[in-house]
Amino acid sequence: MFMQAGFALVETGFCRRKNATHVIMTNFMIYGIGIIGFFLVGYALMFGGVGHIANLGGTPPLTKEATVGGWGLFGYRGFGLTGTYDVGVMAHFLFNLVFMDTTATIVTGAMAERWKFSAFIVYGFFVSMIIYPVFGNWAWGGGWLAQLGAKASMGHGYVDFAGSGVVHAVGGFVGLAGAIVLGPRLGKYNKDGTPNTFPAYNMPLAILGTFILAFGWFGFNPGSTLAATDLRIAVVAVNTMLASAGGAVCAMWWSWREKKLGKPDPGMSANGMLAGLVAITAPSGFVAPWAALLIGAIAGVLVVESIGFFERKAKVDDPVGAISVHGINGLWGLIALGLFADGTYGAGWNGVDGTVKGLLYGDVGQLVAQLIGCVVIVAWAGGIGYLFFKVQDRIQGIRSKPEDELAGLDLPEMGVLAYPDLEEIEREPVLIPEVVG
Amino acid sequence: MFMQAGFALVETGFCRRKNATHVIMTNFMIYGIGIIGFFLVGYALMFGGVGHIANLGGTPPLTKEATVGGWGLFGYRGFGLTGTYDVGVMAHFLFNLVFMDTTATIVTGAMAERWKFSAFIVYGFFVSMIIYPVFGNWAWGGGWLAQLGAKASMGHGYVDFAGSGVVHAVGGFVGLAGAIVLGPRLGKYNKDGTPNTFPAYNMPLAILGTFILAFGWFGFNPGSTLAATDLRIAVVAVNTMLASAGGAVCAMWWSWREKKLGKPDPGMSANGMLAGLVAITAPSGFVAPWAALLIGAIAGVLVVESIGFFERKAKVDDPVGAISVHGINGLWGLIALGLFADGTYGAGWNGVDGTVKGLLYGDVGQLVAQLIGCVVIVAWAGGIGYLFFKVQDRIQGIRSKPEDELAGLDLPEMGVLAYPDLEEIEREPVLIPEVVG
Amino acid sequence: MFMQAGFALVETGFCRRKNATHVIMTNFMIYGIGIIGFFLVGYALMFGGVGHIANLGGTPPLTKEATVGGWGLFGYRGFGLTGTYDVGVMAHFLFNLVFMDTTATIVTGAMAERWKFSAFIVYGFFVSMIIYPVFGNWAWGGGWLAQLGAKASMGHGYVDFAGSGVVHAVGGFVGLAGAIVLGPRLGKYNKDGTPNTFPAYNMPLAILGTFILAFGWFGFNPGSTLAATDLRIAVVAVNTMLASAGGAVCAMWWSWREKKLGKPDPGMSANGMLAGLVAITAPSGFVAPWAALLIGAIAGVLVVESIGFFERKAKVDDPVGAISVHGINGLWGLIALGLFADGTYGAGWNGVDGTVKGLLYGDVGQLVAQLIGCVVIVAWAGGIGYLFFKVQDRIQGIRSKPEDELAGLDLPEMGVLAYPDLEEIEREPVLIPEVVG
């Protein structure tokens, strides 16, 4: 839950000062809006028809056999947590609420600095009620992706320990859709298509946010073992730490080497750590420490290349690198599980039965299931996200006014400045010549 | 305990830059001063005569039958934790220490930007040794408020799960007393009585602080169940989260609507989340999730109205809204328990026996007990606080010098500036005309 | 682990704005570099030959009888955590990783604002692979210091509960060596040898960092009891809190008194809290609460005096006071255990058998063992640190270029500014006269 604060700082620090209140307010309000949306609707769609949550502390499931579709497309019981006071269900709700809010927050980074606040609020309810819970049902709520193994002849279900796919890749691809529909910030691209850099206005804030996120991840990944009552928690924590280190060090090294200036890049180093954390989120409970370090290291290189690709080739303006960190590395995490899972753990986890083995340990089927998951995420999160933002743009308009964007969104949309004293200072030099004249 | 950091940031961010070091130092030092005061004196007054803490892990109480007065006005054993090495008592001390420090910190917000630092230090010892522990004894230490049920013919004791009253309302009303005795900041009110707005100098800092507080509350509220060895913790956590969401979203909506400008108010949204958290603190272990959301939502509206009332009608200058957030919503939390408690839980908690039912579930007696508690808080915290500050003002003087207040308290009272570089920048424009001339 | 964020903020806040990104990047990257170094090499040297970690949850030790030297100079099994998937070992690794990273971070404070970043990276690997693990082996890994009691005729082993010596004093003395080899920052000393003050550029950030560190210490100290499966955790937590309060309040009082200006010193108060926390780290599991308060209070005075000594007498430039906070008070913590340990606890902890009693409880031998530890730390950390930095300076050069140091290291070494907007503001006044002219 503390991760929300981390996201808020990373996104705010990487943006421009004139939008600081606007950016942090989207991160702040998504917390409240998301809680309400998930409580009223999302949780029921995601878990309302499943027996799997029975794993949780031995308590009975919220409801039974209440899904739409044979394998399960979504559930339809438990809206507003009515009819239950069960402690196990409450804990399960809480844990999944935090996961949902992470997904919702990721998108605010990719769409920062030009998103109309009232449009953001509508998005907040849609993501917490529909986008996240439906895919979440397929992967974690006993839906068709999880049952590929049990019911399909292919024998393998999609496995995603703590949400490289469900949480991060979904958020990243909804963000990609939003960034495309919004278009780049004014002034981001020159007429010849070359991008301009808008430097982070507060680098220490962004790095503090990265620290907080890294810390929060130790609730996120190891905490996921609680749902399965096993002792894997220390292994997961070590893997998480090693991947974060690999990501930070390799992104620093890769950006240093790439720029050929003899300088590391602080922003890339921070994004590298986050990329390593995202990538290890799916496989953290299934791989050996050396593999975790390697997965993180590859994520560190991947995030640098991906940010360059989206900025320079695809010309998608993503102010904080959220698409690359969460979207691309979320997919990498799913694939990494299909490569490096060593079969030590598996049974009893979130509907996974039998051991989970990757390609390196002789099982190609798991990799195939993971790749199916990747395709579904890109199609669902990217597709429904694009559709939603397009329709919303037609009805309500989702982009701030150009004059507000140029002036900074804080005063026109929020009514306050982030640092009123500093703005006064900035205005003074403009006034002085008049006084002197 | 991490909540101290949250309070420090919220209060500092909402104040003016020229006082930033002074504000954060009061928040920082209250931690150290409060620990020493509560260790030496406060804990003995609060819990020195009770058997109730025997609930805590089966360990024997600190001391027995050592209270002043028949029902118990305060205890008198255990000063300086002498004579015991008991692990259960140590844990109990630690937990209550954190609660006390929260109360003490709240007051620094209401009195910020014009409080003499040496006067603050004397206050720090007084609140941790006397004001907090005495009311704490009545409510949680087996004193007369808790025993209304057992010993009075009325059959109901005052119930306050994690301190809407004991912690927050007490802090809020001591703050109200202090703000009245200090008077408003210079320049706050015009001659015609209309207030001026001093905008928050660092809104991202204030919102980061709100996040930290929300996170800390999950130690505060669910942690309170540890004292009763029950499984309610997940229910409490869900209720806490829903109330915080209701508070933030409703305060945003209410301020948006009120200002009629099509703009949400970031400061009000943050205070709304805190108000929701304060209000759910007393009833969090006794109400259903839907009620928690409603309690938070009402708190969000209440805090906006209350801040407007104190600023515009009562003309009490409370720089960060502490009186409304903690005082008014603390009382609302106590009353909410008397309305919405559904009887699911009750027995075995901090001296509460039998079920706890509110008016909606047919029991008017509990509401009466809660209202008695509210009256006692306003009388004790407001009364003793007013008396203390008045006497201290006569003897020592509690307000900073006007010239220091205008210049900012950082240099005259702390000897350093919060951001020395920025102050240099600000001075430069003044110098330039001379250079040019 | 969250302590890394605390160190990052304290060090960044206490330095100058022009180096903010550089300072926070050393704190950020040491995390990643340290994890990799300790995983590949450090853990094996430190614990690779010990049976003591068998205490940890009943799991078998990583390896047995694999040390160099009769009593144990260092281990040589378990590089890269190969050959094990044991949950107990994983948890043990994780915990010790965090301790190591703390030591490594301390040094970045003492050497801030003039350290070449590429030289820092080499240091990062050396400290995590060699300096920390070797002393760690002697003290905690079953090495010769721990076995003074069992194998030497003196009957007492060196005892260090959570690392006043192993973690803090080692970091402080490596930092002292580095600060001496680097020399003072340009402009720190006048020709007559009097020091100039470079004020903290962001005092609220430094105090927020102190809060985060204090919070993190509650994972650090009480968490250390996990390794011994005992109930001491609440006692340790109370002692930690009391010492932090004693340190903050006494340092404030001592600096207030010393300056004779009627002003407390915020920086000294923050360092006083940290000094109290460092000093209680070794004895926290072995002393009574009153002693903890006293140990912290003495630490608060000691840190003020020590910072004055290094700045004015020894002329060692330590921008954040790391040598005094961690080095000097680390030694004080070791000695304090030899004075105040009351014999209540002892057996079963990290290789300590029998009770641990200090001089006040009649046992001079423990104090002698602690003093031997102090001498070894100064010799090993100071000596190997000095040698390392001297050799590295000869080969690679460890100091930034003077022109970069004067301009601020952010742009030349990191390629970005911490606050680009503010730098633009600062430049503007210079440009205006030209425009006007």
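Please read all numbers here as calculations on a predicted model, not as lab measurements.

A word on the relation of the copies chain C and chain B
Piece 1. With an RMSD of 0.0 Å, the operation that places chain C on chain B is a rotation of 120° combined with a shift of 0.0 Å along the axis. Such a turn and shift between the copies fits a three-fold axis.

Considerations on the relation of the copies chain C and chain A
Piece 1. Superposition record for chain C on chain A: RMSD 0.0 Å, screw rotation 120°, translation along axis 0.0 Å.
Piece 2. The fraction of interface residues of chain C whose copies in chain A are also interface residues is only 10%, indicating that the copies meet through different surfaces.

A short note on the pattern of salt bridges
Piece 1. Counting across every chain of the model gives 15 salt bridges over all chains.
Piece 2. One salt bridge in this structure joins C:Arg185 and C:Asp317, with 2.8 Å as the shortest N-O distance. Within this pair, whereas C:Arg185 is found in the loop between helix H6 (164-182) and helix H7 (203-220), its partner C:Asp317 is found in the loop between helix H10 (289-313) and helix H11 (322-340), the two being separated by 132 residues in sequence.
Piece 3. Several salt bridges share partner residues, and in doing so they unite A:Arg16, A:Glu113, A:Arg185 and A:Asp317 into one network.

Section: a nonpolar patch on the surface
Residue and element names in this part refer to chain A.
Piece 1. Where nonpolar side chains cluster on the molecular surface, the patch consists of Trp290, Leu294, Ile298, Leu359, Leu360, Tyr361, Val364 and Val368 and spans about 680 Å² of accessible area.
Piece 2. The dominant element in the nonpolar patch, judged by the number of residues it contributes, is helix H10 (residues 289-313), at three residues.
Piece 3. By the secondary structure assignment, valine 368 is in helix H12 (residues 364-395).
Piece 4. By relative accessible area, valine 368 is classed as partly exposed at 38%.

Examining the confidence of the model for chain A
Piece 1. Taken as a whole, chain A shows an average pLDDT of 85; of its residues, 84% reach a score of 70 or greater.
Piece 2. For this predicted complex, the interface confidence score (ipTM) comes to 0.90, while the overall pTM stands at 0.91.

Quick look at the interface of chain C and chain B
Piece 1. With 51 residues of chain C in contact, the opposing surface of chain B contributes 48 residues.
Piece 2. Contact with chain B buries area across many residues of chain C, yet C:Pro204, C:Phe211 and C:Met241 alone supply 17% of it, more than any other trio.
Piece 3. If you look at where chain C meets chain B, you find zero salt bridges.
Piece 4. Seen at the junction of chain C and chain B, the total is two residue pairs in polar contact (both at pLDDT 80 or more).
Piece 5. Listing elements by their share of the side of chain C that touches chain B, those giving two or more residues are H7, helix H8 (233-259), helix H9 (266-281), H10 and helix H15 (420-436) of chain C.
Piece 6. Split by residue class, the side of chain C that touches chain B holds 41 nonpolar, six polar and four charged.

Observations regarding the packing of helix H2 (residues 20-47) of chain B against H7(C)
Piece 1. As a packed pair, H2(B) and H7(C) sit with axes 9 Å apart at the nearest point and diverge in direction by 20°. As the angle between them shows, H2(B) and H7(C) are arranged roughly parallel. For the pair H2(B) and H7(C), the sense of crossing is left-handed. Here H2(B) contributes B:Ala20, B:Thr21, B:Ile24, B:Met25, B:Asn27, B:Phe28 and B:Tyr31 to the contact with H7(C), which in turn contributes C:Met203, C:Pro204, C:Ile207, C:Thr210, C:Phe211 and C:Phe218.
Piece 2. Taken together, the residues of the contact of H2(B) with H7(C) sort by class into 10 nonpolar, three polar and no charged.

Topic: the nonpolar core
One recurring pattern in soluble globular proteins is that nonpolar side chains are buried together.
Piece 1. Grouped together as the largest cluster of nonpolar side chains are 446 residues, with contacts concentrated most on A:Tyr123, A:Phe135, B:Tyr123, B:Phe135, C:Tyr123 and C:Phe135.
Piece 2. For this core, the element with the highest residue contribution is H2(B), accounting for 18 residues.
Piece 3. Residues within four places of B:Phe135 in sequence aside, it is in contact with B:Leu145, B:Tyr158, B:Gly165, B:Val166, B:Val170, B:Val376, B:Ile377 and B:Trp380.

Observations regarding the interface of chain C and chain A
Piece 1. Counting residues at the interface gives 48 residues for chain C and 51 residues for chain A.
Piece 2. Between chain C and chain A, the buried area comes to about 4200 Å², and carbon and sulfur atoms account for 85% of it.
Piece 3. For the interface between chain C and chain A, the tally reads zero salt bridges.
Piece 4. For the interface between chain C and chain A, the tally reads two residue pairs in polar contact (both at pLDDT 80 or more).
Piece 5. Where the side of chain C that touches chain A is concerned, the elements lending two or more residues are helix H1 (3-14), helix H2 (20-47), helix H3 (87-110), helix H4 (117-139), helix H14 (410-414) and H15 of chain C.
Piece 6. Ranked by residue count, the leading element in the side of chain C that touches chain A is H2(C), at 13 residues.
Piece 7. Taken together, the residues of the side of chain C that touches chain A break down into 39 nonpolar, six polar and three charged.

Analysis parameters
- Residues numbered from 1 in each chain as written.
- Chains lettered and ligands numbered in written order.
- Predicted model: local features only at pLDDT ≥ 70, side-chain atom pairs only at ≥ 80, totals over all residues.
- Heavy atoms only, no water.
- Least-squares fit on C-alpha atoms with pLDDT ≥ 70 in both.
- Contact = heavy atoms within 4.5 Å.
- Salt bridge = Lys/Arg side-chain N within 4 Å of Asp/Glu carboxyl O.
- Helix = DSSP H or I, 4+ residues; strand = E, 2+ residues; numbered from the N terminus.
- Patch = residues over 30% accessible without salt bridge, like charges linked within 9 Å, V, L, I, M, F, W, Y side chains within 5 Å.
- Areas by Shrake-Rupley, 256 points an atom, 1.4 Å probe, with all protein chains shown as cover.
- Buried < 20%, exposed > 50% of the residue type's maximum accessible area, 1.4 Å probe, protein only.
- pLDDT = per-residue confidence, 0-100.
- Buried area = accessible area lost by both parts, 1.4 Å probe.
- Polar contact = N/O pair within 3.5 Å; in protein donor to acceptor, adjacent residues only side chain to side chain.
- Nonpolar A, V, L, I, M, F, W, Y, C, P; charged D, E, K, R; others polar.
- Axes fitted to C-alpha atoms, helices over the stretch in contact; angles between N-to-C directions.
- Parallel < 35°, antiparallel > 145°, perpendicular 65-115°, else oblique.
- Left-handed = near helix turned anticlockwise from the far one by under 90°.
- Core = buried A, V, L, I, M, F, W, Y, C linked by side-chain atoms within 4.5 Å.

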